[in-house]
Amino acid sequence: MHEVVILGAGMSGLAMAVGLKAAGRHDFVIVEQSAGLGGTWWDNRYPGAHVDVPAPLYSFSFAPNPHWSRRFASAAEIQAYMQRVAETHGVLAHCRFGRRLVDARFDAGTGRWRLQTDRGDLFVARHFVCSTGPLSVPRWPSIEGLEGFAGARLHSARWDATVPLAGKRVAVIGTGSTASQLLAPVAREAAQVSLFQRTANWVLPRLDRRYGAPDALLARLPPWAAAVRAFWYHVLEWGRRGFDEGSAARRAMQRAALAHLHRQVREPSLRARLTPAYPLGCKRIIYANDYFPAIAQPHVELVTEAIERATPGGLVTADGRERAFDVLVCATGFDVQHSVTLPITGTGGRTLAEAWAAGPEAHLGLAVAGFPNLWLMLGPNTATGHTSTLLFVEPGVRFVLRAMAERERRGVRWLAVREGVMRRFNDELAGRLAGSVWSACRSWYRAPDGRITAIWPGFTREYVRRVQAQGRAEAFARDYEFG
Ligand code: NAP
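Residues numbered from 1 in each chain as written. Predicted model: local features only at pLDDT ≥ 70, side-chain atom pairs only at ≥ 80, totals over all residues. Heavy atoms only, no water.

> Could you give an account of the site of the ligand, with specific residues and numbers?
Inspection of the region around the ligand gives 26 residues, with His50, Thr178, Thr199, Lys283 and Trp444 positioned closest. Serine 177 is positioned such that a nitrogen or oxygen atom in its backbone is 3.1 Å from an oxygen atom of the ligand. One of the side-chain nitrogen or oxygen atoms of glutamine 181 is found 3.3 Å away from a nitrogen atom of the ligand. With the chains in place, 89% of the 910 Å² that the ligand exposes on its own is no longer accessible. Sorting elements by how many residues they give to the shell around the ligand places helix H4 (residues 177-189) first, with 3 residues. Classifying every residue of the shell around the ligand gives 10 nonpolar, 10 polar and 6 charged. (Near = heavy atom within 4 Å. Polar contact = N/O pair within 3.5 Å; in protein donor to acceptor, adjacent residues only side chain to side chain. Areas by Shrake-Rupley, 256 points an atom, 1.4 Å probe, with all protein chains shown as cover. Helix = DSSP H or I, 4+ residues; strand = E, 2+ residues; numbered from the N terminus. Nonpolar A, V, L, I, M, F, W, Y, C, P; charged D, E, K, R; others polar.)

> Tell me about the pattern of salt bridges, and name the residues and values.
Applying the stated rule across the entire model yields 25 salt bridges. For glutamate 419, the salt bridge goes to arginine 423, with nearest N and O atoms at 3.8 Å. You can see glutamate 419 and its partner arginine 423 sitting in helix H12 (residues 419-433), 4 residues apart, about one turn around the helix. Connected via shared salt-bridge partners are Glu428, Arg432, Glu462 and Arg466. (Salt bridge = Lys/Arg side-chain N within 4 Å of Asp/Glu carboxyl O.)

> Residue-level account of the sheet that holds strand E15 (residues 322-324), with values.
As summarised here, the arrangement of the 3 strands in space is E13-E14-E15, forming an open sheet in which the pairing is antiparallel. Of all strands in the sheet, those with a lone pairing partner are strand E13 (307-310) and E15, marking the two edges. Taking the axes of each pair of neighbouring strands and ignoring which way they run, one obtains an average angle of 25° across the sheet. Strand direction decides the pairing type here: E13 and strand E14 (residues 314-317), joined by 3 bridges, are antiparallel. By the bridge assignment for E14, arginine 309 is matched with valine 316. (Pairing = 2+ DSSP bridges. Axes fitted to C-alpha atoms, helices over the stretch in contact; angles between N-to-C directions.)

> Tell me about the packing of aromatic side chains, residues and numbers included.
For the structure shown, the criterion picks out 18 aromatic pairs. For the pair tryptophan 113 and phenylalanine 128, a centre-to-centre distance of 5.4 Å together with 65° between the ring planes defines the contact as edge-to-face. Separated by 15 residues along the polypeptide, tryptophan 113 in strand E5 (residues 112-117) and phenylalanine 128 in strand E6 (residues 122-130) bring together distant segments of the chain. Given the relative accessible area of 0%, phenylalanine 128 is considered buried. For the pair phenylalanine 196 and phenylalanine 325, a centre-to-centre distance of 6.0 Å together with 80° between the ring planes defines the contact as edge-to-face. With a gap of 129 residues between them, phenylalanine 196 in strand E9 (residues 192-196) and phenylalanine 325 in the loop between E15 and strand E16 (327-330) connect regions that are remote in the sequence. The class for phenylalanine 196 is buried, based on a relative accessible area of 4%. Above the plane of the ring of phenylalanine 482 lies arginine 410, whose end atom (NZ or CZ) is 3.8 Å from the centre. Positioned above the aromatic ring of phenylalanine 459, the side-chain terminus of arginine 461 is 4.6 Å from the ring centre. (Phe/Tyr/Trp six-rings, centres within 6.5 Å; stacked < 30°, edge-to-face > 60°. Buried < 20%, exposed > 50% of the residue type's maximum accessible area, 1.4 Å probe, protein only. Lys NZ or Arg CZ within 6 Å of the ring centre and 35° of its normal.)

> A description of the nonpolar core should follow, citing residues and the corresponding values.
Counting 139 residues, the largest nonpolar core has Met16, Phe128 and Ile344 as its most contacted members. Counting residues per element, this core draws most heavily on helix H11 (residues 390-410), at 10 residues. Here this core gathers at least three residues from each of two domains, domain 1 (2-137 + 335-482) and domain 2 (148-330). Excluding residues that lie within four positions of it along the chain, methionine 16 makes contacts with Ile6, Val129, Met377, Val397, Val400, Leu401 and Met404. Formed by 12 residues, the second largest nonpolar core is a distinct cluster that contains Val303, Phe325, Leu328 and Cys330. (Core = buried A, V, L, I, M, F, W, Y, C linked by side-chain atoms within 4.5 Å. Domains from an automatic or database assignment. Contact = heavy atoms within 4.5 Å.)

What follows is the structure in structure tokens.
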């Protein structure tokens with residue numbers, strides 16, 4: 001029996017745990033299916049994995065880190081940072097690793113959640129914080145015969161470092177952020193690499209640099225650290241303008257991306273195949289300096305013919321050609337809609353799968369009507385294509401703490417957002433997203449029916465302001481029901 005159960009020990013689960021501690025709420029557990037802390041940073045250990053947002057902004061505001069070794073930190077460095085934050089704030093003792101949620105049910109009589117794990121634990125909690133994140137379940141490509149491939153099959157988010165690549169013939173499927181990071185290191189080892197591109201991506205230079213001793217010294221000075229963070233906040237917030245049709249930022253960013261391609265790829269026909277046919281920002285922008293040079297190497301081939309099927313020996317493309325491979329690397333992203341299948345049951349026996357039959361939706365990405373005392377971290381429509389996702393996590397944590405305090409202040413068992421409030425909010429989002437840049441291509445931001453269920457349409461400051469306003473007593477009185 002606890003006050004709070006947090007599901008998922010990634011960035012948002014960790015932020016929630018630290019927030020609870022800071023608020024003097026120590027009665028909570030974090031249930032995590034992996035064997036350690038980190039969430040997507042625990043899972044994504046493919047070669048070259050790093051963050052594509054400057055690390056000073058990809059850190060919690062309450063835990064600046066003077067130890068980043070470079071501007072775009074590696075996955076291992078971020079995971080180590082998370083471990084340090086967890087240790088410093090005494091979070092590790094609350095973690096229950098290696099447990100997968102099999103059932104979560106709200107009991108209206110007691111106003112508590114009952115959560116069961118695959119290890120047979122039963123947790124009963126007043127509040128259930130679901131911080132499983134959008135990028136936690138690997139998505140394998142739907143390719144006929146893939147299961148029958150006789151060589152090694154790797155997914156970037158479940159990397160098996162024991163599979164040798166040296167001297168092997170390797171297929172890399174996908175050309176998103178992940179593929180752009182792993183291609184160069186894989187190509188350094190492999191004898192031959194075929195990169196299967198379904199859609200070309202916009203690629204901007206990564207303004208990376210090492211942080212030396214002077215940076216580390218300066219980063220220890222709070223005003224300097226705050227200034228660096230503020231600088232990147234404003235630069236990236238400006239980049240949001242690039243998503244607007246006809247904006248000067250869009251023109252400048254597209255020009256910079258095309259110039260980058262021109263500089264790095266000399267051969268016109270290869271360049272043409274790497275030129276995107278949709279507006280910048282529709283998919284996540286890639287920031288890479290070694291991606292195009294990796295493709296331009298003689299032992300790397302860009303394949304733009306669609307993959308038709310896999311055979312035991314390799315892949316067959318639509319033109320009927322079969323290529324032989326020893327290893328298939330699937331950098332094919334995540335099943336972002338996985339939350340729809342989470343075994344969560346709210347009031348009246350209604351499951352989240354039923355509530356989200358037409359795609360996931362929430363109020364401000366945080367609360368779902370009919371699911372009292374359930375709080376989502378990085379829920380629907382809180383992903384961002386232009387800045388650090390942590391800027392969306394921290395206001396969410398503060399809001400959840402206010403909701404907890406509001407329940408206590410009113411002396412009620414539960415609170416839940418009103419259906420009509422959630423409906424109006426999602427109608428507003430749908431109106432703003434219709435015809436937006438994100439509707440111009442296929443991406444993980446969209447549900448199978450095309451609805452844009454992942455991305456936040458506005459600037460970060462708008463989200464922060466609205467979440468803050470929602471945490472006021474009068475907003476709860478207006479928009480929530482209590483029982
Ligand atoms: P993704 O953006 O969803 O890309 C998946 C790739 O696989 C796409 O190129 C897709 O092609 C391709 N694909 C899927 N099925 C295919 C098939 N059957 N045949 C050929 N290609 C196929 O996944 P991701 O690259 O893992 O990135 C997901 C998100 O994770 C990113 O947008 C970013 O937010 C985050 N991420 C962040 C970092 C970082 O900060 N360090 C690093 C990696 C990822 P289509 O484009 O045609 O669909």
